[in-house]
Amino acid sequence: MENVSVQKDLAGGYCDNLNQYSRFLTREVYIGDVPMGGLNPIRIQSMTTTDTMDTLATVEQTIRMVESGCEYVRITAPSMKEAENLAQIKKELRSRGYTVPLVADIHFTPNAAEAAARIVEKVRVNPGNYADKKRFENIEYTQLAYQAELERIYKKFSPLVKICKEYGTAMRIGTNHGSLSDRIMSQYGDTPRGMVESAMEFMRMCEDMNYYNLVISMKASNTQVMVQAYRLLVETMVKEGMNYPLHLGVTEAGDGEDGRIKSAVGIGTLLEDGLGDTIRVSLTEDPEFEAPVAKALADRYARRSAPVAGTERIAVKDLSYSPYVYNRRVTQPVQHIGGHHHPVVMLDVSAKNLKDPYILMEAGYQYSAVLDKYNMADQACDLVYLGDALPSFSFPGNLRQIYNYNTWLGLKDKANCHPLLKLEAYAESEQKDPFLNLLSVNAGAYDPSLLQSLDETAVLVLETGAEHGMAEQRAFFIALLANHIQVPVIIKRTYKEISADDLTLYAATDLGALLTDGFGDGVWIDAPQTVALSTLNAVSFIILQATRTRISKAEYISCPSCGRTLFDLQETTQLIRSRTDHLKGIKIAIMGCIVNGPGEMADADYGYVGAGPDKITLYRSKEVVKKNLSAAFALDALIELIKEDGNWTEVK
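Taking 1.5 Å per residue as the helical rise, helix α2 (residues 80–95) with its 16 residues ought to reach 22 Å, and the 24 Å between its terminal C-alpha atoms agrees with that figure. All of the buried residues in α2 are Glu-82, Ala-83, Asn-85, Leu-86, Ile-89 and Leu-93. Residues of α2 that are buried in the fold lie against α1 (55–67), β6 (72–76), β7 (102–106) and α3 (110–116). Looking at the residues trailing α2, positive phi occurs at Gly-97, about 90 degrees.

Turning to the packing of helix α14 (residues 500–516) against helix α15 (residues 533–546), a few remarks are in order. Contact geometry for α14 and α15: axes closest at 10 Å, N-to-C directions at 40 degrees. With respect to the hand of their crossing, α14 and α15 are arranged in right-handed fashion. Side by side, α14 and α15 meet where Leu-503, Thr-504, Ala-507, Ala-508, Leu-511, Gly-512 and Leu-515 of the first sit next to Leu-536, Val-539, Ile-543 and Leu-544 of the second. Broken down by class, the residue content of the contact of α14 with α15 amounts to 9 nonpolar, 2 polar and no charged.

Considering only enclosed or pocket space, the largest pocket measures out at about 780 Å³ in volume. Lining the largest pocket are 30 residues, and of these Met-376, Ala-377, Asp-378, Gln-379 and Ser-552 lie nearest its centre. Here the element with the most residues in the lining of the largest pocket is α15; it accounts for 3 residues. Counted by class, the lining of the largest pocket contains 10 nonpolar, 9 polar and 11 charged residues.

The next point concerns the pattern of salt bridges. In this structure the tally under the stated criterion is 29 salt bridges. In this structure, the salt-bridge partner of Glu-197 is Arg-193, at a minimum N-O distance of 3.6 Å. Of the two residues, Glu-197 and Arg-193 are both situated in helix α6 (residues 192–208); the distance of 4 residues between them amounts to about one turn of the helix. On the accessibility criterion, Glu-197 (12% relative accessible area) is buried. Judged by relative accessible area, which is 30%, Arg-193 ranks as partly exposed. Asp-299 is paired through a salt bridge with Lys-295; the nearest N and O atoms lie 3.0 Å apart. Highlighted residues: Asp-299 and Lys-295, both in helix α9 (residues 290–302), separated by 4 residues, approximately one helical turn. A relative accessible area of 39% means that Lys-295 is categorised as partly exposed. Look at the salt bridges and you will find they share partners, linking Arg-193, Glu-197, Arg-204 and Glu-240 into a network.

Attention now goes to the sheet that holds strand β12 (residues 278–279). The sheet built from 8 strands is open, its strands ordered β10-β9-β8-β7-β6-β5-β12-β11 with parallel pairing. Strand pairing shows two members of the sheet lacking a second neighbour, β10 (214–219) and β11 (247–248), which therefore form its edges. Relative to strand β8 (residues 122–125), β7 is paired through 4 bridges, and the arrangement is parallel. Paired with Ala-104 across the bridge in β8 is Val-123. Set on the sheet, α2 makes contact with β6 and β7; between it and β7 the angle comes to about 165 degrees.

A few words on the side chain of Glu-290. Take Glu-290: it is sitting in helix α9. At a separation of 2.9 Å, a polar atom in the side chain of Glu-290 contacts the main-chain amide nitrogen of Leu-283.

Okay, the pairing of β6 next. The buried count for β6 comes to 5 of 5 residues, which makes it a mostly enclosed element. Across 3 bridges, the pairing between strand β5 (residues 43–47) and β6 is parallel. Pairing of Met-47 across the sheet is with Arg-74, part of β6. Each parallel crossover has a hand, and the one from β5 via α1 to β6 is right-handed.

Turning our eyes to something else, we now look at the nonpolar core. Phe-157, Leu-160, Met-171, Met-203 and Leu-460 are the most contacted members of the largest nonpolar core, which has 164 residues in total. No other element matches the 10 residues that helix α7 (residues 223–239) contributes to this core. Every residue in contact with Phe-157, bar those within four places of it in the chain, is listed here: Val-125, Tyr-130, Met-171, Phe-202, Met-205 and Cys-206. Membership of the second largest hydrophobic core comes to 19 residues, among which are Ala-634, Leu-635, Leu-638 and Leu-641.

On to the packing of aromatic side chains. Describing an aromatic ring pair means giving the distance of the ring centres and the angle of the ring planes. Under the counting rule described, the total for this entry stands at 14 aromatic pairs. An aromatic cluster of three or more residues is present, and its members are Tyr-321, Tyr-446, Phe-476, Phe-477 and Phe-519. The ring of Tyr-72 is capped by Lys-122, whose NZ or CZ atom sits 5.8 Å from the centre of that ring. Its guanidinium or amino end placed over the ring of Trp-408, Lys-414 lies 5.2 Å from that ring's centre, counting from NZ or CZ.

Right, let's talk about the sheet that holds strand β22 (residues 522–526) for a bit. Read around the closed barrel, 8 strands run β13-β16-β17-β18-β19-β20-β21-β22, paired in parallel fashion. The mean inter-strand angle of the sheet, taken between neighbouring strand axes irrespective of direction, is 25 degrees. Across the sheet, helix α13 (residues 469–482) lies against β19 (437–442), β20 (458–463) and β21 (489–494), angled at about 165 degrees from β21, the strand it touches most.

On to unusual backbone geometry. Positive phi, normally seen in glycine, also occurs at His-484, with a value near 55 degrees. With respect to the secondary-structure elements, His-484 resides in the loop between α13 and β21. For His-484, a relative accessible area of 69% gives the class exposed. Backbone geometry at Asp-614 places phi at a positive 60 degrees, although glycine is not the residue there.

Thresholds applied
Each residue is numbered by its place in its chain's sequence as written, counting from 1. For this predicted model, a pLDDT threshold of at least 70 governs which residues receive local features, and a threshold of 80 or more governs which side-chain atom pairs are given and counted, while totals over whole chains, interfaces and linings are taken from all residues. The basis for every side-chain value is the complete set of non-hydrogen atoms in the structure, without hydrogens or water. Put simply, DSSP marks the helices as runs of H or I at least four residues long and the strands as runs of E at least two long, and each gets a number from the N terminus on. Take the number of residues in a helix, subtract one, and multiply by 1.5 Å to get its expected span. Any residue under 20% of the maximum accessible area for its type is buried, any over 50% is exposed, and the rest in between are partly exposed; the area is computed with a 1.4 Å probe on protein chains only. By the convention used here, residues are in contact when the closest approach between their heavy atoms is within 4.5 Å. The angle between two axes is taken between their N-to-C directions and runs from 0 to 180 degrees, where each axis is a line fitted to C-alpha atoms and a helix contributes only its stretch in contact. The handedness criterion is simple: a crossing whose near helix is rotated anticlockwise from the far helix by less than a right angle is left-handed, and one whose near helix is rotated clockwise is right-handed. By the convention adopted, Pro, Cys, Tyr, Trp, Phe, Met, Ile, Leu, Val and Ala count as nonpolar, Lys, Arg, Asp and Glu as charged, and the other residues, Gly among them, as polar. Here the term cavity refers to a set of points on a 1 Å grid, laid over the protein atoms alone, in which a 1.4 Å probe fits but cannot get out; the term pocket refers to an open set having protein on both sides within 12 Å along at least five of seven lines, with lining residues being those that place an atom within 4 Å of a point. Grid points are joined across faces, edges and corners, and a volume is the space filled by probe spheres set on the points. Only one rule defines a salt bridge in this text: a Lys or Arg side-chain nitrogen within 4 Å of an Asp or Glu carboxyl oxygen. Two strands pair if DSSP finds at least two bridges between them. The definition of a polar contact used here is a pair of N or O atoms within 3.5 Å, where within protein one atom must be able to donate a hydrogen and the other to accept one, and adjacent residues in sequence count solely through side-chain atom pairs. With the strands pointing away from the viewer, any crossover whose connection runs clockwise from the first strand over the helix to the second is right-handed. What we call a nonpolar core is a set of buried Ala, Val, Leu, Ile, Met, Phe, Trp, Tyr and Cys residues that are connected through their side-chain atoms within 4.5 Å. Between rings of Phe, Tyr and Trp, where Trp is taken as its six-membered ring, a pair exists when centres lie within 6.5 Å; planes separated by under 30 degrees are stacked, by over 60 edge-to-face, and by other angles tilted. When the NZ atom of lysine or the CZ atom of arginine is within 6 Å of a ring's centre and also within 35 degrees of its normal, the charge is said to sit over that ring.

It is worth stressing that arrangement in space is one thing and function is another; only the former is reported here.
Rendered as structure tokens:
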């Protein structure tokens, strides 16, 4: 039986126990005959990508989604005709024996929402688009003008609430970072607090009408913003006596490994905090591929045990850092680790063939036998662990080699070579490296006094064997802050008997959750030999990119497609990626329609947005640059735009 935290335990913040797993107990809400929240398992859902007017295609895709693990299926209803056709879709599904609850996705059309609420089990409304204004205008609101707008929205929104009450329909109030209204933006800016207030306004209206069948979401493509918004939401709800279920998701996560890792960083961080009652993983892939990823994330918490009795509890109100604003922990740099240096990546090569320099290709170093030189990729690791193994070739000059202490002692040439030993052994060690000493420490069993006497060459390698290892490691960082210890820390996680797919999700959760809070000056993923070194290297760098702590390649903010999409998102995303993925640090948003257009791009540098059949509009940030281009020429025009801005580099 999993441990749950009730509202009274959350008086000081979003989580009642930061060093042990405890799920936040939310109100139980019925969506059809599948309840969410309360003591129910974390539910899995996704969204169709078919044209809602194509009844059979939508039904067939829904069935594939259900068979892949979806417990709810969302379908877009951008206008009245799609909303009304939900009845045909539902009828066909029921005739085939599928009772999965359906959710109508609404943005700009209150009349479509009201029609859908009479048909399906749940409607989703976006406060930034529903009865509110989004014209990217900066307007100064007086208190009276602001209140007048709220009253206007109340009148527009109340008919939907009354219909939902009458028909027993649930509602998701789904705020998106990129689609906050001009009114909210003018008052709060493009911030997590603005996202929370946007939703809270609608939630208060619902409660004023005695309607409580609500689910809430705070989605963003920026994982830091997303995590901060959900935490602020829970804190705010609790202060106002609310505990509605939470729908978790990272918008426009992208596809492939990048999309999975970005989703796991955002969703997993909140699951680690005990937050979340349903998950949607948004990938630019067919929706039936989303549910297994969401299920793999959720299943990990079904097995979590209750906190150990008597263990000292770390509460949010006692923290010396803010979990609602990103600030990296202050450290004193040691060589290129800590301080203002980006987090490093460390890999274990001790079991590799150390007679062959080509093994370093998997770590980001391309060896040329003719020139006897290495070319370093953007995603080249910074340190390698060799244990007691001695290589028979020269390593790249910038790649630091880490050996077990006794083996390091015996090296004749110690240039660029450094020792790893236990924290407890460091004080008595007969010889120390004058530049860098790595000290392994168990987050759950260490002598705090040893941390006070470390010199300026020490870097900790933080390990854990706990079931809820992220929380144990977080407690270690909190102790460092409390004692004003500024030694850099490389976070190490070891995974045994694990598939590459699960390792990707688990590492993104465990390491990503700490990095999102500003903890960690490096990452070291330790895994069985069945997981390729190239996978460990790539996953490490993608986690750092997803947490915005180290940018090593171009980033693609790509929506997951739906019935509103005006072009083939998967094909277009891959085409744009093939021409631009060498542009380090550039963020390109690829959006299928105006709903996921300028607003949802959030902080992208460039946008490629469907404006109509075979029509593309290009954006620089949120500014329209070129309208209604033919799709055949739009990518070339995008590249020209990047070149005009001086952000283009040729492929090496």
